[in-house]
Amino acid sequence: MDDEKVQDQQNQSPDGGPDVDEEITAECASFVHGDPLQDSTGPPKSESKVEILHEHVKKQLIKEGHGQKPTKYSTCFLHYRAWTKSTQHKFEDTWNEQRPVELIIGKEKTEMTGLAIGVSSMTAGERCLLHVGWQLAYGKEGSFSFPNVPPQADVSYEVELIGFDETKEGKARGDMTVEERIGTADRRKMEGNNLFKDDKLDEAMQQYEMAIAYMGDDFMFQLFGKYRDMALAVKNPCHLNMAACLIKLKRFEEAIGQCSIVLAEEETNVKALFRRGKAKSELGQTDAAREDFLKASKYAPEDKAIVKELRLLAEHDKAVYQKQKEMYKGIYGKRPEPKKETNQKKNLLAVIWLWILSLFRRFFKPEKQRVD
């Protein structure tokens, strides 16, 4: 599907485009794959067997990946968090920065030698815990960039390999022309679309994220005119398709983040507004969801999916109101009905009183004076 057709469908409907997410509207319903990240207070726990990759590099599996392993000069895209082993201090977290790291096996920086050894043993989508000795990390001197990394500090990494490109020459993103980077990202996007259609959501997100990695902030900042438009035509659909995957996986907070990235560039994007509203609705943020749906309906007033979501929110509000009404009725209760026995007694007393009164009048009524 070419970009013009995709753009036309995006303008027509929030459910259009290459990500084929009609299922999202039918459901009662970042850059992170698989299970949510563990608590960032320390390295994650893993019960898997320790694998010795090198004298100073040990590995424990957290989540399995798929496919082949990268080879020398492969351009790998990964996320990681790093702690000094002695103090358990976390000094780097690329997930928080929402920017994958590019690492070319065999051309890595000296302090990343141990990390590269670990990555070369991984498959796409795999997440693991690496224990790297100071000899293959920041060495005897520690780190100037990270003052909290002392001399001779062993390092623990939680690493996820998003994916990699096999290149014989190890050509980095920075060495590519603008057209090469956009073209490579677009191919990744199309691969992701095919995986999405096969319901391989984790694998699809890996492709989308690798495409986004080619369109980093430093690269986008340098673009203007037609080149920026070309790049956004690839980058924004990848964010939106990531959001579609995340909604299906019920990872709504991350889906909101992906849509917000697009809306920062294009505040009238109907698909971004719709999906962000959908994610907010699933989280119970009904007022915020309604606001997004109303904005979307402003730009696509005839869209049935948006109308349906607004109707569902109205029905939800009505149901909540009725529930609250019943609850308050239960608290304060109805006004008590007078008992039937009490009414009968009151009626009998009234009859008796009237009978006594009539007798009194009969016996004590003064006689009328005769008139001649």
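Residues numbered from 1 in each chain as written. Predicted model: local features only at pLDDT ≥ 70, side-chain atom pairs only at ≥ 80, totals over all residues. Heavy atoms only, no water.

## Describing the overall build of the protein chain
- Broken down by element type, the protein chain carries 13 helices and seven strands.
- Counting only residues that meet the buried cut, the protein chain has 45% of its 372 residues in that class.
- For the protein chain, the computed accessible surface area is about 21600 Å², with 52% contributed by carbon and sulfur atoms. (Helix = DSSP H or I, 4+ residues; strand = E, 2+ residues; numbered from the N terminus. Buried < 20%, exposed > 50% of the residue type's maximum accessible area, 1.4 Å probe, protein only. Areas by Shrake-Rupley, 256 points an atom, 1.4 Å probe, with all protein chains shown as cover.)

## Side note on the pattern of salt bridges
- Applying the stated criterion across every chain, the model contains 18 salt bridges.
- With its nearest N and O atoms 3.7 Å apart, the salt bridge here joins K248 to D199. Pair noted here: K248 is in helix α8 (residues 226-248) and D199 is in the loop between α5 (178-197) and α6 (201-213), with a separation of 49 residues, a long-range link.
- With its nearest N and O atoms 2.9 Å apart, the salt bridge here joins R251 to E254. As far as burial versus exposure is concerned, R251 and E254 are alike and both buried.
- Among the charged side chains, a salt-bridge network with shared partners connects K63, R127 and E160. (Salt bridge = Lys/Arg side-chain N within 4 Å of Asp/Glu carboxyl O.)

## Focus on a nonpolar patch on the surface
- There is a patch of nonpolar side chains on the surface, built from L348, L349, I352, W353, L354, W355 and I356 and spanning about 800 Å² of accessible area.
- Following the sequence through the fold, W353 ends up in helix α13 (residues 340-364). (Patch = residues over 30% accessible without salt bridge, like charges linked within 9 Å, V, L, I, M, F, W, Y side chains within 5 Å.)

## Here we look at the packing of aromatic side chains
- Under the definition given, this model contains six aromatic pairs.
- Taken together, a centroid distance of 6.3 Å and an interplanar angle of 80 degrees make the contact between Y138 and F146 edge-to-face.
- These aromatic residues form a ring-pair network of at least three members: F91, Y138 and F146.
- One residue, K226, lies across the ring of Y227, its end atom 5.3 Å from the ring centre. (Phe/Tyr/Trp six-rings, centres within 6.5 Å; stacked < 30°, edge-to-face > 60°. Lys NZ or Arg CZ within 6 Å of the ring centre and 35° of its normal.)

## Considering the environment of S74
- Inspection of the secondary structure assignment puts S74 in the loop between β2 (57-63) and β3 (75-84).
- Judged by relative accessible area, which is 0%, S74 ranks as buried.
- The spatial distance from the C-alpha of S74 to the C-alpha of I105 is 5.6 Å, given a sequence separation of 31 residues.
- A distance of 2.9 Å separates the side chain of S74 from the backbone oxygen of T71, its partner in a polar contact. (Polar contact = N/O pair within 3.5 Å; in protein donor to acceptor, adjacent residues only side chain to side chain.)

## Describing the packing of α5 against α6
- Two elements in contact, α5 and α6, have axes separated by 8 Å at closest approach and are oriented at 170 degrees. Taken together, the axis directions place α5 and α6 in an arrangement best described as roughly antiparallel. Pair α5 / α6 crosses with left-handed handedness. Mapping the contact onto sequence places R181, A185, R188, K189, E191, G192, N193, L195 and F196 in α5 and L201, E203, A204, Q207, Y208, M210, A211 and A213 in α6.
- Of the residues assigned to the contact of α5 with α6, the class counts are nine nonpolar, three polar and five charged. (Axes fitted to C-alpha atoms, helices over the stretch in contact; angles between N-to-C directions. Parallel < 35°, antiparallel > 145°, perpendicular 65-115°, else oblique. Left-handed = near helix turned anticlockwise from the far one by under 90°. Contact = heavy atoms within 4.5 Å. Nonpolar A, V, L, I, M, F, W, Y, C, P; charged D, E, K, R; others polar.)

## Considerations on helix α11 (residues 286-299)
- A rise of 1.5 Å per residue sets the reference length of α11, with its 14 residues, at 20 Å; its end C-alpha atoms lie 20 Å apart and thus fit the reference within 8%.
- When α11 is considered as a whole, its buried residues turn out to be T286, A289, D292, F293, A296 and S297. Taken down its axis, α11 places every buried residue within 140 degrees of arc, on the same side. When the buried face of α11 is taken as reference, the exposed residues oriented beyond 90 degrees from it are D287 and K298. (Expected span 1.5 Å × (residues − 1). Arc of directions from axis to C-beta.)

## Focus: the confidence of the model for the protein chain
- Looking at the protein chain as a whole, its pLDDT mean stands at 81, while 78% of the residues score no less than 70.
- Long-range and interchain partners of residues 16-39, a stretch whose pLDDT sits below 50, account for 92 contacts in this model, where long-range means more than four residues apart.
- Across residues 368-372, where pLDDT falls below 50, the model places zero contacts with residues more than four positions away in sequence or in other chains. (pLDDT = per-residue confidence, 0-100.)

## Some details on unusual backbone geometry
- In this structure, Y73 is a non-glycine residue whose phi angle is positive, near 75 degrees.
- Mapped onto the elements of the fold, Y73 is located in the loop between β2 and β3.

## A word on the nonpolar core
- Membership of the largest hydrophobic core comes to 49 residues, with the highest contact counts inside it found for F196, Y208, M215, M220, C245 and I306.
- Mapped onto this core, the elements with two or more residues apiece are α5, α6, α7 (217-221), α8, α9 (252-265), α10 (270-282), α11 and α12 (304-332).
- Element by element, the count of residues in this core is highest for α8, at 11 residues.
- Once residues lying within four places of it in the same chain are set aside, the contact partners of Y208 are K189, G192, N193, F196, C238, N241, M242 and C245.
- Counting 27 residues, the second-largest nonpolar core is a separate cluster that includes L103, M112, Y138 and Y157. (Core = buried A, V, L, I, M, F, W, Y, C linked by side-chain atoms within 4.5 Å.)

## Topic: the pairing of strand β4 (residues 90-93)
- Direction of pairing for β3 relative to β4: antiparallel, over a ladder of three bridges. Bridging across to β4, R81 finds its partner in D93.
- Counting the residues between successive antiparallel strands, the hairpin from β3 to β4 contains five residues, one of them, Q88, with a positive phi of roughly 60 degrees. (Pairing = 2+ DSSP bridges.)

## Some thoughts on the side chain of T94
- Note that T94 resides in helix α3 (residues 94-97).
- The class for T94 is buried, based on a relative accessible area of 0%.
- Among the polar contacts made by the side chain of T94, one reaches the main-chain amide nitrogen of Y80 at a distance of 2.9 Å.
- Among all residues touching T94, those that are not within four sequence positions of it are L78, H79, Y80, R99 and V101.

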